[in-house]
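# Geometric and topological summary
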Amino acid sequence: MRGPGEELTGARLPLLLGDLPEPPARLHLHGRLPRGPAVAIVGTRSASPEAVTWTRGLAAELAAAGVAIFSGGAKGIDTAAHEGALDAGGVTVVVTPAGFDHPFPPENSGLFRRIVDSGGGYLSLYPDEVKAERPEFFARNACLVAMSAAVIVAQTRLTRGGALNAAKWARRLGREVFVVPHSPWVEPGTGAVALLRLGGRPLDRAKDVLTFLAEQRRHALPPGKPPVEEGPLQTELWPAANDPAGDPVLEALRAGACHPDEIADRTGLPMATVQRRILTLTLSGVLVPGPLGSLKLVTI
């Protein structure tokens, strides 16, 4: 894998983790975290072959359109999501409770090396020497969801597990939940019916997700700004971080706003949209977090 790992603390932590009731004090990263839009793809470890193939294709389409793919690195759906992103030459991040020296599952260690070497990241709650412990898997899911604009549940059983837990965190944090519908008699996908009843959005093609992300940007544009054109998102969903033209979040910061609540009030944007833009600006070095959730504009 490329280079040594690094510990992320304080201002270097992804800002969207602040949406969690108890954000982690530190994370451990090998590789890099992406800038721009990201979605999480989750599902059962014992996925059907059809679900694996479909998920891999979905992840490839999204990654080819510039969307980063986050998942948990497990067998089945997670592996398909990571591999699909790599197939398209895109960026993917594995979020795991296992330290770098003890990848989980062990048979995916080669996949994790490919993820880092291709420009993605291996992000763990624990230092390199720590092995995965089952109680920490749900804590991993919370971080995975918090850093994503939406959660895609590709296939899951109607049992207590990681995908259902991730969907629960998505509802709690206000993230969109996309659900791939399944016939109720197909056992690996029985959880889809329950998630759809809870308000999940049916998903049968990558364009549904791309349209959702484009709508988020459209809501963030100032009056008179042309809307996002139909089709794949081949360019950034936001203006460049160092180009304030047409960026309502940067304009609010320049006008004196120093907290996400103030930015949302000034711009009229949804808080989730504000937080995602703040994350991009922070990763770009334009913003640094201050005390009590305040923000400091470093440069424009």
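Scroll up for the structure.
A brief report on the enclosed structure follows. (Residues numbered from 1 in each chain as written. Predicted model: local features only at pLDDT ≥ 70, side-chain atom pairs only at ≥ 80, totals over all residues. Heavy atoms only, no water.)

It is worth spelling out the overall build of the protein at this point. Looking only at helices and strands, one finds 10 helices and 11 strands in the protein. A burial count over the protein gives 52% of its 300 residues as buried. The long-range fraction of contacts in the protein, counting pairs at least 24 apart against all pairs at least 6 apart in sequence, stands at 67%. As displayed, the protein offers around 13400 Å² of accessible surface, 53% of which is attributable to carbon and sulfur atoms. (Helix = DSSP H or I, 4+ residues; strand = E, 2+ residues; numbered from the N terminus. Buried < 20%, exposed > 50% of the residue type's maximum accessible area, 1.4 Å probe, protein only. Contact = heavy atoms within 4.5 Å. Areas by Shrake-Rupley, 256 points an atom, 1.4 Å probe, with all protein chains shown as cover.)

Here we come to unusual backbone geometry. Cis peptide bonds are those with omega within 30 degrees of zero, and the linkage from F104 to P105 qualifies with 0°. By the secondary structure assignment, P105 is in the loop between β5 (92-96) and α3 (109-117).

Counting 35 residues, the largest nonpolar core has L17, L20, F70, L123 and V153 as the members making the most contacts within it. Here the element with the most residues in this core is helix α5 (residues 162-173); it accounts for seven residues. In contact with V153, other than residues within four places in its own chain, are V42, A163, A167, V177, F178, V179, V180 and L195. Within the second largest apolar cluster, 26 residues are counted, among which are A47, A65, A85 and L203. (Core = buried A, V, L, I, M, F, W, Y, C linked by side-chain atoms within 4.5 Å.)

Pairing of strand β7 (residues 150-155) with strand β8 (residues 176-179) involves four bridges; the strand directions are parallel. In the sheet register, V151 faces β8, and the bridge partner there is V177. Chirality of the crossover, the property in question, places the unit of β7, α5 and β8 among those that are right-handed. Bridge analysis of β8 against strand β9 (residues 201-202) gives two bridges, and the strand direction is parallel. What sits directly across from V179, in β9, is P202. Tracing the backbone out of β8, into helix α6 (residues 191-197) and back to the parallel element β9 gives a crossover that is right-handed. (Pairing = 2+ DSSP bridges. Right-handed = clockwise from strand over helix to strand, strands pointing away.)

Its 12 residues place the ends of α5 16 Å apart at the C-alpha level, agreeing with the 16 Å of an ideal helix rising 1.5 Å per residue. Buried within α5 are the following residues: A163, L164, N165, A166, A167, W169, A170 and L173. (Expected span 1.5 Å × (residues − 1).)

For the structure on display, the rule yields nine salt bridges. The salt bridge partner of E7 is R26, with a shortest N-O separation of 3.5 Å. In this pair, E7 is assigned in strand β1 (residues 6-9) and R26 in strand β2 (residues 26-31), connecting sequence segments 19 residues apart. Residue E7 is classed as partly exposed on the basis of its relative accessible area of 40%. Its salt-bridge partner being D87, residue R56 comes within 2.6 Å of it at the nearest N-O pair. Here R56 is found in helix α1 (residues 49-64), whereas its partner D87 is found in helix α2 (residues 77-87), with 31 residues between them in sequence. Residue classification places R56 among the partly exposed residues on the basis of a relative accessible area of 32%. By relative accessible area, which is 45% here, D87 ends up partly exposed. Put simply, R56, E83 and D87 are held in one network by salt bridges that share partners. (Salt bridge = Lys/Arg side-chain N within 4 Å of Asp/Glu carboxyl O.)

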